[in-house]
Amino acid sequence: MTILSSRAAFGMLALGIAATLGCEPPSPFKPVLDPVPLPSTPASLQVEVGTGEGVFEPITKATIVDPVFGPQGGYHVWTAAKVTGVKLSSAQINVSARLASGGEKVGRASRVIADFRTTNDGAQVHAGITNFVDNPSSVSGREIVLRIEVIAPDGAHGEDERTVKVR
């Protein structure tokens, strides 16, 4: 009789549940709908929210984003994170979006466990985060605020938000 480690047992349980439900097992690069609360300590990471599916694109006053129809039938806006001043290989990133006027949420907040890559200027970036938009027609032509919260494994964290216009 073989005894499985708790990690292996958890992995097998996750695969079994996924197979039963007819979906893929959790992946560190796919969003989950349970953002992690920011630690109560002062922010210690310099973070910038941007856009971009494959690369980090900074947000300017002229930035316009398109809602993207995803493979599971929902819409999202590509969001990206940039961390400067520290070497960071992975972190949890919470994302959310709200209307600039009024502050109503435009979609479900989510998080991704992300690996970062280093850019030529030494910054750490992760692009291609799906920031959900429940009803794209309700935000078309309007400004929304994209928000990210980056939480490193050691508890270091930072946050940023920027306003973009939705096409």
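All figures in this text were calculated on a predicted structure; none of them were measured in a lab. (Residues numbered from 1 in each chain as written. Predicted model: local features only at pLDDT ≥ 70, side-chain atom pairs only at ≥ 80, totals over all residues. Heavy atoms only, no water.)

**Re the overall build of the protein chain**
Right, on to step 1. Helices and strands together make up the secondary structure of the protein chain, namely two helices and 11 strands.
Right, on to step 2. Counting from the amino terminus, helix and strand elements in the protein chain follow one another as α-β-β-β-β-β-β-β-β-β-α-β-β.
Right, on to step 3. Relative to its 167 residues, the protein chain shows a buried fraction of 37%.
Right, on to step 4. Pairs at least 24 residues apart make up 70% of the contacts formed inside the protein chain by residues separated by at least 6 positions.
Right, on to step 5. Carbon and sulfur atoms make up 56% of the accessible area of the protein chain, which amounts to about 9,700 Å² in all. (Helix = DSSP H or I, 4+ residues; strand = E, 2+ residues; numbered from the N terminus. Buried < 20%, exposed > 50% of the residue type's maximum accessible area, 1.4 Å probe, protein only. Contact = heavy atoms within 4.5 Å. Areas by Shrake-Rupley, 256 points an atom, 1.4 Å probe, with all protein chains shown as cover.)

**Focus: the sheet that holds strand β7 (residues 110–115)**
Right, on to step 1. With mixed pairing, the five strands of this open sheet are ordered in space as β3-β11-β10-β6-β7. In this open sheet, the two edge strands, each paired with only one partner strand, are β3 (64–65) and β7.
Right, on to step 2. As judged from the six bridges shared by strand β6 (residues 90–99) and β7, these two strands associate in the antiparallel manner. Note on β7: the bridge partner recorded for Asn94 is Arg111. (Pairing = 2+ DSSP bridges.)

**A few points about the pairing of strand β9 (residues 124–133)**
Right, on to step 1. For β9, a buried count of eight out of 10 residues is recorded, marking the element as mostly surrounded by other parts of the structure.
Right, on to step 2. Where strand β8 (residues 117–118) lies against β9, two bridges are found, and the strand directions are antiparallel. Bridging across to β9, Thr118 finds its partner in Gln124.
Right, on to step 3. Counted along the chain from β8 to the antiparallel partner β9, the turn is five residues long, and its residue Gly122 has a positive phi close to 90 degrees.

**Some points on the environment of Gly141**
Right, on to step 1. Tracing the chain through its elements places Gly141 in the loop between α2 (136–139) and β10 (143–151).
Right, on to step 2. A residue is classified by how much of its surface remains accessible, and Gly141, at 47% relative accessible area, is partly exposed.
Right, on to step 3. Distance from Gly141 to Val65, taken between C-alpha atoms, is 10.0 Å for residues 76 residues apart in sequence.
Right, on to step 4. Filtering out sequence-adjacent residues up to four positions away, Gly141 remains in contact with Lys165, Val166 and Arg167.

**Brief notes about the pattern of salt bridges**
Right, on to step 1. Following the criterion strictly, the structure yields nine salt bridges and no others.
Right, on to step 2. Between Arg111 and Asp34 there is a salt bridge, with the nearest N and O atoms lying 3.2 Å from each other. Of the two residues, Arg111 sits in strand β7 while Asp34 sits in the loop between α1 (6–21) and β1 (46–51), which places them 77 residues apart along the sequence.
Right, on to step 3. Note on Arg111: relative accessible area 13%, which makes it buried.
Right, on to step 4. For the salt bridge of Asp160 with Arg162, the shortest nitrogen-to-oxygen distance reads 3.0 Å.
Right, on to step 5. When salt bridges with common partners are traced through the structure, they connect Arg98, Arg147, Glu149, Glu159 and Glu161 into a single cluster. (Salt bridge = Lys/Arg side-chain N within 4 Å of Asp/Glu carboxyl O.)

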